There are 2 protein chains.
Amino acid sequence: MKIIVDAMGGDNAPLAPVEGALRAAEALGVEIILTGPETVIRDCLTKLGKTDLPQGVEIAPASEVITMEDNPARAFKDKPDSSMTVGLNLLKAKKGDAFVSAGSTGALLSAATLLIKRIRGIRRAALAPVVPTANGKMVLIDCGATAEGTPEYLMQFAYMGSYYAQRFLGVENPRVALLNIGAEESKGLELQKQTYALLTEAKRAGRIHFVGNIEGREAITQGVDVLVTDGYTGNIFLKTMEGAAALFSGALKEMLLASTKNKVAALMLKKSIGDFKKRFDSSEVGGTALLGISQPVVKAHGSSNAYAFYNAIRQAKTVAEADIVGDIAANVENMRWERPKPAEKQEEG
Amino acid sequence: MKIIVDAMGGDNAPLAPVEGALRAAEALGVEIILTGPETVIRDCLTKLGKTDLPQGVEIAPASEVITMEDNPARAFKDKPDSSMTVGLNLLKAKKGDAFVSAGSTGALLSAATLLIKRIRGIRRAALAPVVPTANGKMVLIDCGATAEGTPEYLMQFAYMGSYYAQRFLGVENPRVALLNIGAEESKGLELQKQTYALLTEAKRAGRIHFVGNIEGREAITQGVDVLVTDGYTGNIFLKTMEGAAALFSGALKEMLLASTKNKVAALMLKKSIGDFKKRFDSSEVGGTALLGISQPVVKAHGSSNAYAFYNAIRQAKTVAEADIVGDIAANVENMRWERPKPAEKQEEG
């Protein structure tokens, strides 16, 4: 198993990806290809106290770096020798089994779609982060790879999320729910209503364990295994959750520092607070799988530290080993949908 | 100032609304009309240690109650003698200045729209809850009164939210932002792009202090005064925030009870934890204003206790006194929009 790692992507590059990759090579028994300028990567090795590349780690030279200023749609073409483009081309050439990058999400998405291509029959790739719930974790799909949704996209997300939850979260028969503004079948916009019908059909055929609509609140407090939504709504869901987390942890910190007495109590709670943080720490998961692409690609969070990169590489290994791409490709015939003729637009009241 | 209170709406009715109303009559100097069965309300008075109706509090008899099982769209017609219908008819007849109910949101929305009517020129009423941010509070508009959005609805929500924030939150020049999946002008679906253009126009004309697009995370961590969105997305935002709050407070509680040492620390933090909870407690705000209706209507949360009802009545008083309806009506000419001809649908790729 060989994982290709973009050594230049993310806020903490190149040191964090290089360090995470070295740890992964040591602890997970994976081989690594680091993409980036050789001198820069060798500088990192020196900083990390290594005189040379460890066994099983190699460098694929790449002289350019894609930044947030580059146009996401064409960055990989404009910078053909970037660490991201070089990495994806290596993946395409089967020189490695998966690619991990913390670079621009938009650029990675475009590059993966255009260089590696989608699985035949899959309409859109999806970003599928794993988010915490009151009783575990769930796969959110999509969280923004494609802003607009169609019932077919969402049905495909449901299948892909289900295979991913099976393999990555180890849930045998993942409960798949549709994010909506009420639990009843009639709730939501046309997109949700039509998707509900498609997922009910998939359930009847025994292909997906669809449990119905779920509201944002219950998705978090009761938890399901896969939360299906369009990229726009999924992004709102994810960012709102992150914002609420930041709000509460900020207020909690403030509270614990508010007085000497509180500080003493905080000291007593130190270990527990550490565990509490860990539970909601995205670096524990690693990254976000890009599902629907014909080879494994994992997007690490832009702010990833070495530990997060290590976990993203572990995640990429799981995705590649479990052959989730194969699961999706083998079932793509069940994911087709003929769009009905659009109904007449309603008049504005 | 006379506030009409639905004595039969909400999980804790009739005792909580009656108790909250009596407190409000005493502390806020408002008169109250309680709608509901006279014997039931008098029973509550007895339970609250009152032998008779206090000065300024009266009962408007209503023999029926609208429940969650009733069809929201027609409940007020099917049950013409319900506490909600009677209350709204009193408001319509100008027997009171505002109406407060914790009954079914859908039923209240339909009943208010059809009995009281919208302000002339306003396309849709909106639910505008006040939500906590890292540095204060913001008005979220809409959070689900109307699931589907148009640029015109959202522009009107921006104006209405701005007037409401001025009067209710006391912000002189409210910062209005559009909830989106990125800060750039080009982000989002057609709805957001077109709304962005309309709000930019309103800003140029000096009518709204539009500060641009904002993501869910920054809306909470940086805060604005008015967060504009369609009802579907607003509902997802609000429920996700509630879910995250429940997740964190649950995990916090678990952590504080995890060991004897932690319990001791929790005791030391008792007062601070109380303040912490209060900061995020929706009963502090009261309820959610139903904006766009031609007379003041406030929806109290279904789980409201007496204190929440008291605050909802205080809120209704503010909305009525500040004449937010008048603000909206006086500016409705600026809130018109001619819908351009719809573009050709894009072909599926």
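Residues numbered from 1 in each chain as written. Chains lettered and ligands numbered in written order. Predicted model: local features only at pLDDT ≥ 70, side-chain atom pairs only at ≥ 80, totals over all residues. Heavy atoms only, no water.

Colleague: Residue-level account of empty space enclosed by the protein, with values.
Modeller: Within the structure shown, the criterion is met by four cavities of 30 Å³ or more. Lining of the largest cavity is provided by 13 residues; of these, Leu290(B), Leu291(B), Ile293(B), Val319(B) and Val325(B) occupy positions nearest its centre. Only strand S11 (287-291) and helix H13 (324-330) of chain B provide two or more residues apiece to the lining of the largest cavity. Tallied by class, the residues present in the lining of the largest cavity amount to 11 nonpolar, two polar and no charged. Space inside the second largest cavity adds up to approximately 50 Å³. Lining the second largest cavity we find Leu290(A), Leu291(A), Gly292(A), Ile293(A), Pro296(A), Val297(A), Val319(A), Ile324(A), Val325(A) and Ile328(A). (1 Å grid on protein atoms, 1.4 Å probe; cavity = no way out; pocket = protein on both sides within 12 Å on 5 of 7 lines; lining within 4 Å. Points joined across faces, edges and corners; volume = space filled by probe spheres on them. Helix = DSSP H or I, 4+ residues; strand = E, 2+ residues; numbered from the N terminus. Nonpolar A, V, L, I, M, F, W, Y, C, P; charged D, E, K, R; others polar.)

Colleague: Account for the nonpolar core, naming residues and giving values.
Modeller: With 114 residues, the main nonpolar core has Leu88(A) and Leu88(B) as its most contacted residues. Every residue in contact with Leu88(B), bar those within four places of it in the chain, is listed here: Phe99(B), Leu108(B), Ala111(B), Ala112(B), Leu115(B), Ile116(B) and Val297(B). (Core = buried A, V, L, I, M, F, W, Y, C linked by side-chain atoms within 4.5 Å. Buried < 20%, exposed > 50% of the residue type's maximum accessible area, 1.4 Å probe, protein only. Contact = heavy atoms within 4.5 Å.)

Colleague: Explain the interface of chain A and chain B to me, and be specific about the residues and the numbers.
Modeller: In this assembly, 54 residues from chain A lie in contact with 54 residues from chain B. Counting the surface lost from both chain A and chain B, the interface buries some 5,000 Å², and carbon and sulfur atoms represent 72% of this. Three residues, Tyr232(A), Leu247(A) and Phe248(A), lead the burial of chain A against chain B; their summed loss comes to 15% of the area buried on that side. Linking chain A with chain B are four salt bridges. The salt bridge partner of Glu215(A) is Lys239(B), with a shortest N-O separation of 2.4 Å. Inspection of the chain A/chain B interface yields 10 residue pairs in polar contact (both at pLDDT 80 or more). Elements supplying a minimum of two residues to the side of chain A that touches chain B: strand S6 (130-133), helix H8 (216-221), helix H9 (231-256), helix H10 (260-268) and helix H11 (270-279) of chain A. Among the elements that line the side of chain A that touches chain B, the one with the most residues is H9(A), at 20 residues. Counted by class, the side of chain A that touches chain B contains 28 nonpolar, 14 polar and 12 charged residues. (Buried area = accessible area lost by both parts, 1.4 Å probe. Salt bridge = Lys/Arg side-chain N within 4 Å of Asp/Glu carboxyl O. Polar contact = N/O pair within 3.5 Å; in protein donor to acceptor, adjacent residues only side chain to side chain.)

Colleague: Mind laying out the relation of the copies chain A and chain B, listing which residues take part and the relevant values?
Modeller: Placing chain A over chain B gives an RMSD of 0.0 Å and needs a rotation angle of 180°, together with 0.0 Å of translation along the axis. In the structure described here, the two chain copies are related by an operation that fits a two-fold rotation axis. Within chain A, the C-alpha atom positioned nearest to the axis of rotation is that of Ala265(A), 2.2 Å from it. Both copies present the same face, since 100% of the interface residues in chain A are matched by interface residues at the equivalent positions in chain B. (Least-squares fit on C-alpha atoms with pLDDT ≥ 70 in both.)

Colleague: For the side chain of Ser162(B), give the residues involved together with the corresponding values.
Modeller: Residue and element names in this part refer to chain B. Topologically, Ser 162 is positioned in helix H6 (residues 151-169). Classification of Ser 162 by relative accessible area gives buried; the value is 6%. Non-local contacts of Ser 162, meaning those with residues more than four positions away in its chain, are made with Pro 174, Val 176 and Val 226.

Colleague: Residues and numbers for the packing of aromatic side chains, please.
Modeller: Summed over the entire model, instances satisfying the criterion amount to nine aromatic pairs over all chains. Ring geometry for Tyr164(A) against Phe168(A): centres 5.2 Å apart, planes inclined by 5°, an arrangement best described as stacked. Of the two residues, Tyr164(A) and Phe168(A) both sit in helix H6 (residues 151-169), four residues apart, roughly one turn of that helix. For the pair Tyr196(B) and Phe210(B), a centre-to-centre distance of 5.4 Å together with 75° between the ring planes defines the contact as edge-to-face. Placement of Tyr196(B) in helix H7 (residues 190-204) and of Phe210(B) in strand S9 (residues 209-214) is noted, with a sequence separation of 14 residues between them. Each member of the pair, Tyr196(B) together with Phe210(B), is buried. (Phe/Tyr/Trp six-rings, centres within 6.5 Å; stacked < 30°, edge-to-face > 60°.)

Colleague: Any details on the pairing of strand S2 (residues 31-36) of chain A? Residues and values, ideally.
Modeller: All names here are of chain A. The buried fraction of S2 amounts to five of the six residues, a majority that puts the element mostly inside the structure. Across five bridges, the pairing between strand S1 (residues 2-6) and S2 is parallel. Residue pairing for S2: Ile 4 is matched across the bridge by Ile 33. Chirality of the crossover, the property in question, places the unit of S1, helix H1 (residues 15-28) and S2 among those that are right-handed. Inspection of the sheet shows S2 paired to strand S3 (residues 57-61) by five bridges, in the parallel sense. Its bridge partner lying in S3, Thr 35 is registered against Ala 60. Note that the unit made of S2, helix H2 (residues 38-47) and S3 has a crossover that is right-handed. (Pairing = 2+ DSSP bridges. Right-handed = clockwise from strand over helix to strand, strands pointing away.)

Colleague: Can you explain the environment of Leu267(A)? Please cite residues and give values.
Modeller: All names here are of chain A. One can find Leu 267 in helix H10. On the basis of relative accessibility, which here comes to 63%, the residue Leu 267 falls in the exposed class. Sequence separation of Leu 267 and Asp 323 is 56 residues, and the distance between their C-alpha atoms is 46 Å.

Colleague: Before we move on, can you summarise helix H9 (residues 231-256) of chain B with the specific residues and values?
Modeller: An ideal rise of 1.5 Å per residue puts 38 Å on 26 residues; H9(B) measures up with 37 Å between its terminal C-alpha atoms. Of all 26 residues in H9(B), 19 are buried; the element is thus mostly enclosed. (Expected span 1.5 Å × (residues − 1).)

Colleague: Which residues make up the pattern of salt bridges, and what values do they have?
Modeller: For the structure shown, the criterion picks out 28 salt bridges over all chains. Residue Asp70(A) is joined to Lys79(A) by a salt bridge in which the shortest nitrogen-to-oxygen separation is 2.8 Å. Residue Asp225(B) is joined to Arg175(B) by a salt bridge in which the shortest nitrogen-to-oxygen separation is 3.1 Å. Taken as a pair, Asp225(B) in the loop between helix H8 (216-221) and strand S10 (226-228) and Arg175(B) in strand S8 (residues 175-179) lie far apart in primary sequence, 50 residues in all. Residues joined by salt bridges that share partners form a network here, namely Glu38(A), Arg42(A) and Asp52(A).

Colleague: I'd love a proper account of the confidence of the model for chain A, names of residues and values included.
Modeller: Across chain A, pLDDT averages 93, with 97% of residues at or above 70. For this predicted complex, the interface confidence reaches an ipTM of 0.91, while the overall pTM sits at 0.92. (pLDDT = per-residue confidence, 0-100.)

Colleague: Can you break down the sheet that holds S9(B) residue by residue, with the values?
Modeller: All names here are of chain B. If you trace the five strands from one edge of the open sheet to the other, you get S6-S7-S10-S8-S9, paired in mixed fashion. Each edge of the open sheet is held by one strand with a lone partner, namely strand S6 (130-133) and S9. Strand-to-strand twist across the sheet, computed as the mean angle between neighbouring axes with direction ignored, equals 30°. (Axes fitted to C-alpha atoms, helices over the stretch in contact; angles between N-to-C directions.)

Colleague: Outline the sheet that holds strand S7 (residues 136-141) of chain A, listing residues and values.
Modeller: All names here are of chain A. Pairing within the open sheet is mixed, and its five strands lie in the order S6-S7-S10-S8-S9. A single partner strand is all that each edge strand has here, and the edge strands are S6 and strand S9 (209-214). The average undirected angle you get between the axes of adjacent strands in this sheet is 30°. When strand S8 (residues 175-179) meets strand S10 (residues 226-228), the two strands line up parallel, connected through three bridges. Directly across from Val 176, in S10, lies its bridge partner Val 226. Sheet strands touched by H6: S6, S7, S8 and S10. Its angle to S7, the strand with the most contacts, is close to 150°. The strands touched by H9 within the sheet are S6, S7, S8 and S10, with S7 carrying the most contacts at an inclination of about 145°.

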